[in-house]
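Now for the letters of each chain:
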Amino acid sequence: MELRIPGPTPLPMDVRKALAQEMIGHRSAEFGALLREIRVRLRGWFQTEEDVLVLTASGTGGMEAALVNVLSPGDRVLAVSVGVFGERFADIARAYGADVTLLESPWGRAADPDAIAHALSTDPGYRAVLVTHNETSTGVTNDLAAIASVMGVRGDKAPLLIVDAVSSLGAIDFRMDAWGCDVVVTSSQKALMTPPGLSFVAMSPRAWEASERARMPRFYWDLRKARAYAGRGQTPFTPAVTTLSGLREALHLMEEEGRNSILERHRKLSRAMRLGITGLGLDLFAEETHASNTVTAVRVPPDWGTEELMSRLRDEHDIVVAGGQGRLKGKIIRIAHMGHVNAADVQRVIEALRAVLGA
Ligand SMILES: *Cc1c(COP(=O)(O)O)cnc(C)c1O
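Caption draft 1: Main features of the nonpolar core. Membership of the largest hydrophobic core comes to 47 residues, with the highest contact counts inside it found for Leu 42, Phe 46, Phe 174, Cys 181, Val 184 and Phe 200. At 7 residues, the largest contribution of residues to this core is made by helix α2 (residues 29-46). When near neighbours in sequence (up to four residues on either side) are disregarded, Phe 200 contacts Leu 42, Phe 46, Val 52, Leu 53, Val 54, Val 184, Val 185, Thr 186, Ser 187, Ser 188, Leu 192 and Leu 247. By size, the runner-up hydrophobic cluster in this structure holds 34 residues, among which are Leu 55, Ala 65, Leu 67 and Ala 230.

Caption draft 2: Layout of the site of the ligand. Taken together, the neighbourhood of the ligand is formed by 14 residues, with Ser 58, Thr 60, Thr 136, Asp 164 and Lys 190 sitting nearest. Taking Gln 189, its side chain carries an N or O atom lying 2.7 Å from an oxygen atom of the ligand. One of the side-chain nitrogen or oxygen atoms of Lys 190 is found 2.7 Å away from an oxygen atom of the ligand. Look at the ligand: alone it shows 380 Å² of surface, and the protein chains cover 87% of it.

Caption draft 3: Representation of helix α13 (residues 343-357) in the model. For α13, spanning 15 residues, the distance from its first C-alpha to its last is 21 Å, which sits close to the expected 21 Å at 1.5 Å a residue. For α13, the full list of buried residues reads Asp 345, Val 346, Val 349, Ile 350, Ala 352, Leu 353, Val 356 and Leu 357. Buried residues of α13 fall within an arc of 160 degrees about the axis and therefore sit on the same side. Summarising the contacts, the buried residues of α13 are in contact with β1 (2-3), α11 (259-279), α12 (306-317), β12 (319-320) and β14 (332-336). N-cap assignment for α13: the residue whose side-chain oxygen lies 3.1 Å from the backbone N of Ala 344 is Asn 342. Gly 358 lies just past α13 and shows a positive phi near 65 degrees.

Caption draft 4: Highlighting the packing of aromatic side chains. Here the structure, examined in full by the defined rule, presents 4 aromatic pairs. With 5.0 Å between their ring centres and 75 degrees between their planes, Tyr 220 and Trp 221 make a pair best called edge-to-face. Assessed through its relative accessible area of 34%, Tyr 220 is described here as partly exposed. A relative accessible area of 14% places Trp 221 in the buried class. Through successive ring pairs, a cluster of aromatic residues spans Phe 219, Tyr 220, Trp 221 and Phe 237. One cation-aromatic arrangement involves Lys 225 over Phe 219; the distance from NZ or CZ to the ring centre is 3.7 Å. One residue, Arg 327, lies across the ring of Trp 107, its end atom 3.7 Å from the ring centre.

Caption draft 5: Representation of empty space enclosed by the protein within the structure. Per the counting criterion, the structure on display carries 3 cavities of 30 Å³ or more. Counted as a void, the largest cavity has a volume near 90 Å³. What lines the largest cavity is simply Val 54, Leu 55, Thr 56, Tyr 220, Ala 226, Thr 235, Pro 236, Phe 237, Thr 238 and Pro 239. No other element matches the 3 residues that strand β2 (residues 52-56) contributes to the lining of the largest cavity. Partitioned by chemical class, the residues of the lining of the largest cavity number 7 nonpolar, 3 polar and no charged.

Caption draft 6: How the structure looks around the packing of α2 against helix α10 (residues 241-257). α10 packs onto α2 with a crossing angle of 45 degrees between their chain directions and a minimal axis gap of 10 Å. Classified by the angle between their axes, α2 and α10 sit oblique to one another. Between α2 and α10 lies a crossing whose hand is left-handed. Judged by residue contacts, Phe 31, Leu 34, Glu 37, Ile 38, Arg 41, Leu 42 and Trp 45 of α2 engage Val 241, Leu 244, Ser 245, Leu 247, Arg 248, Leu 251, His 252, Met 254 and Glu 255 from α10.

Cut-offs applied
Residues numbered from 1 in each chain as written. Predicted model: local features only at pLDDT ≥ 70, side-chain atom pairs only at ≥ 80, totals over all residues. Heavy atoms only, no water. Core = buried A, V, L, I, M, F, W, Y, C linked by side-chain atoms within 4.5 Å. Buried < 20%, exposed > 50% of the residue type's maximum accessible area, 1.4 Å probe, protein only. Helix = DSSP H or I, 4+ residues; strand = E, 2+ residues; numbered from the N terminus. Contact = heavy atoms within 4.5 Å. Near = heavy atom within 4 Å. Polar contact = N/O pair within 3.5 Å; in protein donor to acceptor, adjacent residues only side chain to side chain. Areas by Shrake-Rupley, 256 points an atom, 1.4 Å probe, with all protein chains shown as cover. Expected span 1.5 Å × (residues − 1). Arc of directions from axis to C-beta. Phe/Tyr/Trp six-rings, centres within 6.5 Å; stacked < 30°, edge-to-face > 60°. Lys NZ or Arg CZ within 6 Å of the ring centre and 35° of its normal. 1 Å grid on protein atoms, 1.4 Å probe; cavity = no way out; pocket = protein on both sides within 12 Å on 5 of 7 lines; lining within 4 Å. Points joined across faces, edges and corners; volume = space filled by probe spheres on them. Nonpolar A, V, L, I, M, F, W, Y, C, P; charged D, E, K, R; others polar. Axes fitted to C-alpha atoms, helices over the stretch in contact; angles between N-to-C directions. Parallel < 35°, antiparallel > 145°, perpendicular 65-115°, else oblique. Left-handed = near helix turned anticlockwise from the far one by under 90°.

This is how it looks when you write it as structure tokens:
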């Protein structure tokens, strides 16, 4: 089976071999070296000088950690949403008692930096702005640099910029420090070519200061604990040791290929995918100017059911793609080109679609 869903993504053979090793103790020197190496290498992908902390959790756990460490119940939060994952960020904030204002764009469109600037200028009370860098449900990448820049130079009282970079970091240009992101979360099973099970969070100095005042309840997600343990090469609780071993190998492979080559490969693959799709006479869901480099959403012709299309791709061509989520269920399919994927993989999806659709 060729897994073309937007996470979990396929594993390179070297990663699979690393995953097959014998267990090591999580309080051992060997584990300490593993954790340290990973945290150092991840900094390069976050483009940050800050600590990158490792949590054993899916991406959603990392999102929860990103919020509870810097916010208090009743805090005003501007949740910028362009799809399912933007809504999820808002839902988590609400679950912990934040006072959330949703700033939505029509699905398929990117967030409008001017609208964010306007919202912030009409109400100076916001403590945080939540942004999804790459909205996996619609195949849209927000212009995070532009969003960060309308938030301006941020003093003590200014809102924190909290970013879900789960389906972008490692495949789409991301610059935590240069753009001024305060809290950034990603996870293992997307562009990082590693099984599910780990989330990674980095925080700016302003965010660490906020974490001292934050009053949302936290125990497992307490990043102050994670940082203290990381200093001695450990995590507070038993981590997904095996997944970390796989990640070390994936990060080696990524360094071999090089950051710029990886970003360029994803740019090219996404372009090839979009050209192939429109060449079949199908329509893209995302606006062209903000189309994602990691996932392409395709409108399914009205005479086709998405379920039928997906099962024929699977049964006749061994290719697994994803359907629409939420209100897009039955309307689109989503094809990932994220992580361990090459040009031939993209062409096989196009040819399979051509065969199934008789296009
Ligand atoms: C995959 C994903 C997540 C996390 O989902 P989990 O299933 O909890 O790992 C969060 N945000 C985005 C944008 C994603 O693509």
